[in-house]
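Chain and residue survey
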Amino acid sequence: MRARPTLLLLFLAATAAAQPRSIFDADDFVDPRERDGHPLFVSRLLLGVAKSYVDRYRPLHHDAGFVHIANSFYFSDFQFDYKRSEVRGEHGVPVMVCECEEGPIYFPTPPAPDATPAAPPPGSTDTLQFAWYRTVGVEGAPPLMLRYRLSWSRQPIDTAVTEIATGEKFARLSGREQSFGLEADTHLRIRGRDIFGSLQFARTKRSGTVDDRSQNELTYTNRFPAWRFRRILLRPTLTVGGVSGRGGTALNVVHPQFEAFWHDTTTRANLHLIWAPQTIRSGRGGWTTTHQIAFFVDRALFVRLFTNEPRNDSARQDAGGGAF
């Protein structure tokens, strides 16, 4: 049976998160069977705020607001995405430098090599993703659809450095942070129970700043079954793994996440409330927990399912196409 764009959009918004990304990047998994093999394009807008914002297991130590636009194109068994995020938070501490005999010393002093790195200042990030969907047979059950995805993101980081003695401008650094990631959905059946999750690897490198750092992330996310309370869908996940560059590469990330999701049929918007008590360990600070809370709204700006049938603009509008 052919899936209507409205059903596709609701399915897209209701899929549990899996990959290593910002807390506000709602998942965009669409089973190729749901669109009956037809190409699909979806453009989505997300607006929201986050308390105690965390960027790739690096707490920002203050709150942030964000705007996120995601454009996804689905064709055959593939998916291509372009996403742009704008994160804005409190003004950071000015960077100053002392021209000492042993070389320049920057203030505030960057974290030690065995400490949790400082998060980059809030800014804009561009992300490109390419994914492949694969059908997996399961004995005594319908085939499963798993996704494998490559991700690349880039954030420019401009830093104005002031001479501490004179107060004059010392330099302006044009740096960047780039991340490359791999994600693979997984399925296990243990004693008749299905266990769904995702294995993720990501490498992040920051350069051209006063605190150049790099880290490798290897994590596994388990997606527990969702359950419904009236019109609210509750979706828990648990991520565990290790992040390098913190005084050890063993298990140092425990990241449960609890999401309450509600779809408003009047505005065709999706409301998300997420609590993520992320616990991380470093050689310098030991185990610390950051209670990240996010609230955001997402809505489709445009949805187009490419078929051979005559175009119906009113149906497309019902699916969330067009402006608000």
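Criteria and cut-off values
- Along every chain, residues carry numbers that run from 1 in the direction the sequence is written.
- Totals for whole chains, interfaces and linings use every residue, but because this is a predicted model, local features are given only for residues with pLDDT of at least 70 and side-chain atom pairs only at 80 or more, for both listing and counting.
- Remark: hydrogens and water are excluded; side-chain values derive from all non-hydrogen atoms of the structure.
- When DSSP finds two or more bridges between a pair of strands, those strands are recorded as paired.
- Where helices and strands are cited, they refer to DSSP runs of H or I of at least four residues and of E of at least two residues respectively, numbered from the N terminus.
- Residues are treated as being in contact if the distance between any of their heavy atoms lies within 4.5 Å.
- Note on ring pairs: Phe, Tyr and Trp rings are taken, using the six-membered ring of Trp, and paired if centres are within 6.5 Å. Classes follow the plane angle, with under 30 degrees stacked, over 60 edge-to-face and the rest tilted.
- Whether a charge sits over a ring comes down to the Lys NZ or Arg CZ being within 6 Å of the ring centre and within 35 degrees of the ring normal.
- A residue's pLDDT is the confidence the predictor assigns to it, expressed on a 0 to 100 scale.
- Here, nonpolar core means buried Ala, Val, Leu, Ile, Met, Phe, Trp, Tyr and Cys residues that are tied together by side-chain atoms lying within 4.5 Å of each other.
- Relative accessibility under 20% of the residue-type maximum defines a buried residue, over 50% an exposed one, and the middle range a partly exposed one, all with a 1.4 Å probe and only protein chains included.
- One side-chain nitrogen of Lys or Arg within 4 Å of one carboxyl oxygen of Asp or Glu is enough to make a salt bridge.
- Like charges are joined within 9 Å and nonpolar side chains (Val, Leu, Ile, Met, Phe, Trp, Tyr) within 5 Å, but only among residues with over 30% relative accessible area and no salt bridge; these make up the patches.
- Surface accessibility in these figures is a Shrake-Rupley result with a 1.4 Å probe; residues are shielded only by whichever protein chains are displayed.

For strand S1 (residues 40–51) and strand S17 (residues 286–305), the ladder comprises 12 bridges, and the chain directions are antiparallel. Across the sheet, residue Leu40 finds its bridge partner in S17, namely Leu305. Here S1 pairs with strand S4 (residues 64–75) via 11 bridges, running antiparallel. In the sheet register, Ala50 faces S4, and the bridge partner there is Ala64.

Note that strand S9 (residues 141–163) and strand S10 (residues 169–190) share 15 bridges and pair antiparallel. Each bridged residue has a counterpart across the sheet, and for Thr162 the counterpart in S10 is Lys169. Counted between consecutive antiparallel strands, the loop separating S9 from S10 contains 5 residues, among which Gly167 sits at a positive phi close to 80°. Here 15 bridges tie S10 to strand S11 (residues 193–207), and the two strands are oriented antiparallel to one another. Residue pairing across strands places Glu183 opposite Gln200, the latter belonging to S11. The hairpin formed by S10 and S11 contains 2 residues between the paired strands, and Arg191 there has a positive phi angle of roughly 55°.

For the rest of this paragraph, the subject is the side chain of Asp298. Its location among the elements puts Asp298 in strand S17. Those residues within four positions of Asp298 in sequence are excluded, and the remaining contacts are Arg44, Leu45, Leu46, Ala269, Asn270 and His272.

Remark: the centre distance and the inter-plane angle together describe each pair of aromatic rings, the angle taken between the planes. Counted under the stated rule, the structure contains 10 aromatic pairs. Of the aromatic side chains, those joined through ring pairs into one cluster are Phe73, Phe75, Phe78, Phe130 and Phe306. If you follow Arg235 out to its NZ or CZ, it ends over the ring of Phe261, 4.9 Å from the centre.

For the protein, mean pLDDT is 87; residues scoring 70 or higher make up 88% of the total. Here residues 314–324 scores under 50 on pLDDT; set against residues more than four positions off or in separate chains, the count is 31 contacts.

Our next topic: the nonpolar core. Core analysis: the largest hydrophobic core is formed by 15 residues, its most contacted members being Ile23, Phe24, Ala50, Tyr53, Phe66, Val87 and Phe296. Elements that contribute at least two residues to this core include exactly S1, S4, strand S16 (269–282) and S17. Beyond its immediate sequence surroundings of up to four residues, Tyr53 is in contact with Ser22, Phe24, Pro59, Leu60, His61, His62, Ala64, Val87 and Gln292. Core analysis: the next-biggest nonpolar cluster, separate from the first, contains 10 residues, Leu40, Val42, Met145 and Leu305 among them.

Now for the environment of Gln257. Summarising the element assignment, Gln257 is placed in strand S15 (residues 253–264). Among the residues examined, Gln257 registers a relative accessible area of 11% and is labelled buried. Along the backbone, Gln257 and Thr237 are 20 residues apart, and their C-alpha atoms lie at a distance of 5.2 Å.

Further remarks concern the pattern of salt bridges. Summed over all chains, the structure comprises 21 salt bridges. Here Lys83 and Asp28 are joined by a salt bridge, their closest N and O atoms 3.1 Å apart. With Lys83 in strand S5 (residues 78–89) and Asp28 in the loop between helix H1 (5–13) and S1, this pair connects stretches of sequence that are 55 residues apart. What makes Asp28 buried here is its relative accessible area of 3%. Arg206 is the partner of Glu177 in a salt bridge, and the nearest nitrogen-oxygen pair spans 3.6 Å.

Taken together, Phe75, Phe80, Tyr82, Leu128, Phe130, Leu150, Trp152, Phe180, Leu182, Leu199, Phe201 and Leu218 make up a surface patch of nonpolar side chains, about 1000 Å² in accessible area. Breaking the nonpolar patch down by element, the ones donating at least two residues are S5, strand S8 (124–138), S9, S10 and S11. Structurally, Phe80 can be placed in strand S5.

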